[in-house]
Amino acid sequence: MACRVMLVDDSEADLLFTRIVLERAGQGFDVLSFEEARAALDYLRSDAPRVELILLDINMPGMNGFEFLDAYEALPAVQRNGSAIVMLSSSADPSDRERAAAYRCVAGYVTKPLDPAAAARLRRQVSA
C-alpha cells in the first residue's frame, strides 16, 4: 500500500529533489507537494485523502515550519489523522532540533538533502 507523503517546502528545487529521491527509493511513496504551509494546512482541513507522513521545512516565508506545527497541533484529531511529521531542513542547528522535538507531533528531524537510505527509514517509521 502506498504511503501518502506531504512535502512542505518553499523551494521548488528542494521539492523536486525530495520527490525524486522518494520515488526512486522504491518504498511506495505517493507524494503531494506544497510550496506554502498555509496551503498544506488547507489540504489537511479538507476531505482530501489521509496523509501518513509530512516532511516539513523550517525556514519558509509567510508561515514557517514552527508556525505550521502550532497550527497543526490546534487542528481537530480527525484532521491530523495520526500523520507523522518529520522536519526536513537545511538547518543543522541543535536549537532547531530541540525546538522541533518539543512538539508531540514531530517524529524526527532529517537534514537536507534527503538521501535514499533516509527515505527508506522514513517508510519503516511510518509503517511501525
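Refer to the structure printed above.
Residues numbered from 1 in each chain as written. Predicted model: local features only at pLDDT ≥ 70, side-chain atom pairs only at ≥ 80, totals over all residues. Heavy atoms only, no water.

A. Looking closely at the overall build of the chain. Looking only at helices and strands, the chain has six helices and five strands in total. Starting at the N terminus and walking to the C terminus, you meet the elements of the chain as β-α-β-α-β-α-α-β-α-β-α. Relative to the 2.2 N^0.38 estimate, which gives 14 Å for 128 residues, the radius of gyration of the chain is 13 Å and therefore close to what a compact globule would have. In the chain, buried positions account for 47% of the 128 residues. For the chain, the proportion of contacts with a sequence separation of at least 24, taken over those separated by at least 6, is 66%. (Helix = DSSP H or I, 4+ residues; strand = E, 2+ residues; numbered from the N terminus. Rg over C-alpha atoms; globule rule 2.2 N^0.38 Å. Buried < 20%, exposed > 50% of the residue type's maximum accessible area, 1.4 Å probe, protein only. Contact = heavy atoms within 4.5 Å.)

B. Representation of the nonpolar core. Core analysis: the biggest nonpolar cluster contains 28 residues, and L44, I54 and F68 have the highest contact counts within it. Elements that contribute at least two residues to this core include exactly β1 (3–8), β2 (29–34), α2 (37–45), β3 (53–56), α3 (65–74), β4 (84–89) and β5 (106–111). (Core = buried A, V, L, I, M, F, W, Y, C linked by side-chain atoms within 4.5 Å.)

C. Highlighting the pairing of β4. Of all six residues making up β4, six are buried, and the element is well covered by its neighbours. What you see with β4 is no split at all: A84, V86 and L88 on one side and I85, M87 and S89 on the other are buried throughout. Bridging between β3 and β4 involves four bridges; their strand directions are parallel. Paired with L56 across the two strands is M87, which belongs to β4. In this sheet, β5 lies alongside β4 in parallel orientation, the contact comprising five bridges. The residue of β5 that forms the bridge with M87 is Y109. Taking the sense of rotation as the criterion, the β-α-β connection linking β4, helix α5 (residues 94–101) and β5 turns out right-handed. (Pairing = 2+ DSSP bridges. Right-handed = clockwise from strand over helix to strand, strands pointing away.)

D. Local environment of empty space enclosed by the protein. The full count for this structure, using the stated rule, is one cavity of 30 Å³ or more. Empty space within the largest cavity amounts to approximately 40 Å³. Every residue along the wall of the largest cavity is listed here: L7, V8, D9, D14, L15, T18, L55, D57 and L88. Within the residue set of the lining of the largest cavity, elements represented by two or more residues are β1 and α1 (12–24). Residue classes in the lining of the largest cavity are distributed as five nonpolar, one polar and three charged. (1 Å grid on protein atoms, 1.4 Å probe; cavity = no way out; pocket = protein on both sides within 12 Å on 5 of 7 lines; lining within 4 Å. Points joined across faces, edges and corners; volume = space filled by probe spheres on them. Nonpolar A, V, L, I, M, F, W, Y, C, P; charged D, E, K, R; others polar.)

E. View of the sheet that holds β3. Spatially, the five strands line up as an open sheet ordered β2-β1-β3-β4-β5, and their pairing is parallel. Each of the sheet's edge strands pairs with one partner strand only, and the pair in question is β2 and β5. Each strand axis lies, on average, 20° off the axis of its neighbour in the sheet, ignoring direction. Note: β1 against β3, four bridges, orientation parallel. Bridging across to β3, V8 finds its partner in L56. Along the sheet face, α2 touches β1, β2 and β3 and points at about 150° away from the line of β1. (Axes fitted to C-alpha atoms, helices over the stretch in contact; angles between N-to-C directions.)

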